[in-house]
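# An overview of the molecular structure
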Amino acid sequence: MSSLQLFDDEPDPSVTAEALLRRARPAEAGHYDELREADGSLRPAWQAFARNLGGPLDDLTQRQDLLGRQIHEDGITYNVYSSPDGMTRPWSLEVLPYLISADDWRALEKGVAQRAHLLNQIASDIYGDQSLLQQNLLPAALIQGHPGYLRVLRGTQPRGGIYLHLMAFDMARGPDGNWWVVSQRTQAPSGLGYVMQNRLIVSRLFPEAFRALNVQHLASGFRRLLDTVQMLAEPCAQGESPRLALLTPGPFNETYFEQAYLARYLGVPLVEGGDLIVRDERLYLKTVQGLEPIHGLLRRLDDDFCDPLELRSDSTLGVPGLMQAVRAGNVVMANALGTGFLESPAIHGFLPALSRHLLGEDLSLPSLPTWWCGEEAAWHEVEPNLEDQVIRATYPNQHFDAVIGRSLSPESLENWHRRIAHNLEAHTVQTFVPYPQAPVWAQGQCTMRGASLRVYALADGRGGWQVLPGGMTRIATRDAGPVSMQLGGSSLDTWVMTDGPVDTFSMLKQSVKLDELLQRQRPVASRIGENLFWMGRYTERTELQLRLMRGLASVLSDDEDADPDVGEALTDLAIYNGLAPRETPSLAKSPRVFERAVVEALADRQATQGAYSIAFNLTSLERVAQALRERLSPEHWRLLRDMGSDFKDRLHGDDDALARLPDLFKADMALDNLAMQLAAVTGAQTDRMTRDAGWRLLTVGRLIERLIGYASFLKAFWLHHAVHSHKGFDLLLVLFDSTITFRARFQRRLELPALVALLVLDEANPRALACVLRRLRTELGKLPDRGTRDDLLALLPQEGVGMSLEELCEPLLGEIAMLNLSQRLIEAGWRLSDELGRIYFAHAEPNEQMVSA
């Protein structure tokens, strides 16, 4: 999206500032007002923003619309588990940024870097000599009773002594303007990808203000994270360039989009636990080329899911044996396993004393006053004033959200007193601080919403920490409601202003080593290869179904009497290709029942009637594309995402005129639009994807599906003798998309040898079986050789289709020869698919000798 200049005439900046003040009510009493000074005037940062808005205030509505459109086009999503409208929803971003002055940032930056250093020191002690426990600076019951403390890793020091490569701190500004740390994320902090996406979108909406406010850039922080892990992983790589990957829980995780985006931005593969394997205490990525070593893992998976052998045995997200590879020092985990105990809110109450003990200095950025109720003295101190506090779970397995005492009825408050007293260790109490309120543009007005700032600290690998100049600002759904994306909150781009030079660092390296250039041609993970293979198959399968559906529509709408042989052939093909349930009466016997079954199945995304028709395959195609987000261009992804919903809308439109049309006519209109979209998808797959092993697997998938589909067309038309009628002859040409070529060569001569020559033996016709087989042999020959290439090729005829025109058109035995050939090629396609899966995706050894076709 380019920078936007919406108006030619610049408004008077003072008028814009006055309008902003007039249309934004003050923050509620007891909340810090991010927009106004105490005297009611605009804060200096917002005055500067108003001066450089680049248009009247009402222009914000149009920019908010543009922002929403950009989010939709880019497919930026967030998974909300409890949403009645479906799990995936568009990412929520507001048009106005959150502004932080240079002076405010200096204090935040210093305090966050200090805390990052302190927390890393605590983790080092807890997994080392545990002097903090021995000196009672931290209660042993709090640490050792926390599920995030992993006893099996005591004595294991990560490379460089760095446990926390990336940390996130959730901040709130109190009514007096001072910052407080509310919570910290030390296992697998989320949000970095959204931070960058927010910046890319909002900064382009306000280019003049972004430059005039001297907003600090973000790219160097991302490079710092990558460089640190690479540097620490160098000893694991034994002289080679370290290979890194980003470990994701998978596409159902709430922040999967930003994980895929972050992996692409950092230039590392996005992997799931099933993509990785441990051999000889080393971590490997399963690729179509074989096993490739992984030396550093940026993880977005919580500790207890990472290794089902030593942690949660029911986890399907982790890597068996990963803990052993970590203990052997053969992989750098960012963050190190076992850091989850630092996320407990109870830790905050001990940090002031720990800072003086470990760092010799006071905390420059305070935590909220915190009492761990596991210490009876702390509980007795805070119990009388519980209504003024916030009750939090000490351990993550307590499963209750923070409770604000003042929001409880007297009866509920008394119940909480009893609940805490029954299990003191499980509860922590913190002082309540009302969130500051930041301006949000909505319906032509500025509303004030509660805001929480998440700031990120990144280790430099040498004992220091860099604080990302910005972060993730989340806002509440209501004026003073909870700040939570899962509960419908939204986000703001966070602008940190600097009074020094703006960092112009780029993620592009100035120099690259030769072995790094080779590594840039990174191997294709087996899961990625499998998804690309099935993307090819689903794309081709949908196109085959579309052609077959059009053929059916032409027969069903024909006023002439139906040819029974053609009807039987089409019935077999419709059922075999998933357009109709198996028990559907044949087209020849009951055309209206057959038509109704086929049309109903078209829009059935779940195959509830047993027909795996077009909507089902479009849904499958979208699902596969979702797992390939980091591999697809935005345009390609949008096509794949929108085809299913567009097809459904055109089949069941709300337009009254459309609703009155016959179902078959509406289906034909939907198919026409789908045909154009599939042509665009084919173009994107053919001309806009890198010709690596993944693309070849996609192409092989399409060719296998085409081989099976067209061979089934021939089998049905020969089996039911439909090819011998005028209608059947012409219809087969339509199904093969070869009518124009046939007419150009043979005019209107309905001769079987000519048909066989064009549809079976012509290697220049991309739909002919001989051409499909030739391309298959070529692409199989270019796949990574795993020692089985000859076996794969042996499943196919060595040349052509393995039979001559004379054999296929011989008067007595030609029909049998065609049926045998069709069946052989169908079986070869399925065998080839199975063997490719075994060799390139499952990494399994054959359990029986492959037999050539």
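Given the structure is predicted, the values throughout are model-derived calculations rather than measurements. (Residues numbered from 1 in each chain as written. Predicted model: local features only at pLDDT ≥ 70, side-chain atom pairs only at ≥ 80, totals over all residues. Heavy atoms only, no water.)

## Remarks on the overall build of the protein chain
Applied cut-off: Put simply, DSSP H or I for four residues or longer makes a helix, DSSP E for two residues or longer makes a strand, and each gets a number counted from the N terminus. For a compact globule the rule gives 2.2 Å times the number of residues to the power 0.38, and the radius of gyration it is set against comes from C-alpha atoms. Any residue under 20% of the maximum accessible area for its type is buried, any over 50% is exposed, and the rest in between are partly exposed; the area is computed with a 1.4 Å probe on protein chains only. Shrake-Rupley sampling with a 1.4 Å probe provides the accessible areas, and residues are treated as covered by the protein chains on show and by no other component. In summary, the charge assignment counts Lys and Arg as positive and Asp and Glu as negative, without counting His or the chain termini. Where a charge lies is defined by one atom per residue type, namely NZ (Lys), CZ (Arg), CG (Asp) and CD (Glu).
Regarding its fold elements, the protein chain presents 30 helices and 21 strands. Relative to the compact-globule value of 29 Å for 853 residues, the protein chain shows a C-alpha radius of gyration of 32 Å, a close match. Along the longest, intermediate and shortest principal axes, the C-alpha atoms of the protein chain span 100 × 65 × 60 Å. A total of 853 residues make up the protein chain; the buried ones form 57% of that total. Summing over all exposed atoms, the protein chain offers an accessible surface of approximately 35500 Å²; the carbon and sulfur share of this is 49%. Across the protein chain, the mean location of the 85 positive side-chain charges is 3 Å away from that of the 110 negative side-chain charges.

## Overview of the packing of helix α23 (residues 693-719) against helix α24 (residues 726-735)
Selection criterion: Here an axis means a line fitted to C-alpha atoms, over the contact stretch when the element is a helix, while the angle between two N-to-C directions is reported on a 0 to 180 degree scale. Orientation labels follow simple angle bins: below 35 degrees gives roughly parallel, above 145 gives roughly antiparallel, 65 to 115 gives roughly perpendicular, and whatever is left gives oblique. The contact criterion used throughout is that any non-hydrogen atoms of two residues lie within 4.5 Å. Gly is put with the polar residues, along with every residue not named as nonpolar or charged; the nonpolar set is Ala, Val, Leu, Ile, Met, Phe, Trp, Tyr, Cys and Pro, and the charged set is Asp, Glu, Lys and Arg.
Interaxial distance between α23 and α24 falls to 11 Å at its minimum, and their mutual angle equals 175 degrees. As summarised for this structure, α23 and α24 are arranged roughly antiparallel, according to the angle between their axes. Counted together, Y710, F713, L714, F717 and W718 of α23 and G728, L731, L732 and L735 of α24 form the full contact between these two elements. Its residues placed into classes, the contact of α23 with α24 shows eight nonpolar, one polar and no charged.

## Topic: the sheet that holds strand β14 (residues 389-393)
The test is simple: Pairing between two strands requires that DSSP report at least two bridges joining them.
An order of β13-β16-β14-β15 is seen for the four strands of this open sheet, with the pairing classed as antiparallel. The open sheet has two free edges, formed respectively by β13 (370-372) and β15 (403-404), since each of these has just one partner strand. Bridge count between β14 and strand β16 (residues 427-431): five bridges; the pairing is antiparallel. Paired with V390 across the bridge in β16 is Q430. Running over the sheet, helix α14 (residues 410-422) touches β14, β15 and β16 and is turned about 130 degrees from β16.

## Thoughts on the packing of helix α16 (residues 526-556) against α24
Quick note on the threshold: Helix crossings get a hand from a simple test, with the near helix turned counterclockwise from the far one by less than a right angle marking a left-handed crossing and a clockwise turn marking a right-handed one.
Interaxial distance between α16 and α24 falls to 9 Å at its minimum, and their mutual angle equals 150 degrees. The angle between the axes of α16 and α24 places the two elements in the roughly antiparallel class. Here α16 runs over α24; the crossing is right-handed. Residues R547, L548, G551, S554 and V555 of α16 form the contact with α24, whose participating residues are L731, V734 and L735. Looking at the contact of α16 with α24 residue by residue, the class counts come to five nonpolar, two polar and one charged.

## Observations concerning the pattern of salt bridges
In plain terms, the rule: Here a salt bridge means any side-chain nitrogen of Lys or Arg lying within 4 Å of a carboxyl oxygen belonging to Asp or Glu.
Using the criterion set out here, one finds 39 salt bridges in the structure. Notably, a salt bridge pairs R312 with D314, separated by 2.9 Å at the nearest N-O pair. Here R312 falls in the partly exposed class, since its relative accessible area comes to 32%. Here R418 and E414 are joined by a salt bridge, their closest N and O atoms 3.8 Å apart. Placement of both R418 and E414 in helix α14 is noted, with a separation of four residues, approximately one turn of the helix. Each of E540, E543, R547, R702, R706, D737 and R767 takes part in one network of salt bridges that share partners.

## A few points about the sheet that holds strand β10 (residues 290-293)
With respect to topology, three strands assemble into an open sheet ordered β8-β9-β10, the strand pairing being antiparallel. At either end of the open sheet lies a strand with only one pairing partner, and these are β8 (276-279) and β10. Strand-to-strand twist across the sheet, computed as the mean angle between neighbouring axes with direction ignored, equals 45 degrees. Here β8 runs beside strand β9 (residues 282-287); their pairing, made up of four bridges, is antiparallel. Across the sheet, R279 pairs through a bridge with R282, a residue of β9.

## Brief notes about the packing of aromatic side chains
Inclusion rule: A pair of Phe, Tyr and Trp rings is counted when the ring centres sit within 6.5 Å of each other, with Trp represented by its six-membered ring. The angle between the planes then sorts it: under 30 degrees is stacked, over 60 is edge-to-face, the rest tilted.
Enumeration over the complete set of coordinates arrives at 25 aromatic pairs. When the centroid spacing of 6.3 Å and the interplanar angle of 10 degrees are considered together, the rings of Y261 and Y265 count as stacked. Of the two residues, Y261 and Y265 both sit in helix α10 (residues 256-266), four residues apart, roughly one turn of that helix. On the accessibility criterion, Y265 (25% relative accessible area) is partly exposed.

## Regarding the pairing of strand β20 (residues 472-475)
Looking down a regular strand, the side chains alternate between one sheet face and the other. Residues M472 and R474 line one face of β20 and the alternating positions T473 and I475 line the opposite face, and both faces are buried. Bridge analysis of strand β18 (residues 445-459) against β20 gives four bridges, and the strand direction is antiparallel. Bridge pairing in β20 places A451 opposite I475. Direction of pairing for β20 relative to strand β21 (residues 490-496): antiparallel, over a ladder of four bridges. Its bridge partner lying in β21, T473 is registered against L492.

## Some points on helix α20 (residues 634-651)
We count it as follows: Expected span of a helix: the number of residues minus one, times 1.5 Å. The term bend refers to the angle at a residue between two fitted axes, each drawn through seven residues, those ending there and those starting there.
End to end, α20 covers 26 Å across 18 residues, agreeing with the expected 26 Å (1.5 Å per residue, within 8%). At D642, α20 is bent by approximately 35 degrees, the largest bend along its length. Among the residues of α20, those classed as buried are H636, W637, L640, R641, D642, M643, G644, F647 and L651. Packing partners of the buried residues in α20 comprise α3 (59-74), α16, α18 (591-602), α19 (614-626) and α22 (663-687).

## Quick notes on the pairing of β9
Between β8 and β9, which pair antiparallel in sequence order, lie two residues; one of them, D280, sits at a positive phi of approximately 55 degrees. Sheet topology places β9 next to β10; four bridges connect them, and they run antiparallel. Bridged to Y284 within β10 is P293. Connecting β9 to the next strand, β10, in antiparallel fashion are two residues.

## Here's the deal with a nonpolar patch on the surface
Rule in force here: Residues form patches when they are more than 30% accessible in relative terms and have no salt bridge. Like charges link within 9 Å. Nonpolar side chains (Val, Leu, Ile, Met, Phe, Trp, Tyr) link within 5 Å.
On the surface, a nonpolar cluster with roughly 350 Å² of combined accessible area is contributed by L812, L813 and I816. Counting through the fold element by element, L812 comes out in the loop between α29 (805-809) and α30 (814-841). Judged by relative accessible area, which is 72%, L812 ranks as exposed.

## Comments concerning unusual backbone geometry
Omega for the bond connecting A334 with N335 falls within 30 degrees of zero, at 5 degrees, which places this linkage in the cis form. Summarising the element assignment, N335 is placed in the loop between β12 (332-334) and α12 (351-358). Positive phi, normally seen in glycine, also occurs at E281, with a value near 65 degrees. Topologically, E281 is positioned in the loop between β8 and β9. A residue is classified by how much of its surface remains accessible, and E281, at 35% relative accessible area, is partly exposed. One non-glycine residue with positive phi stands out, namely D737, at about 55 degrees.

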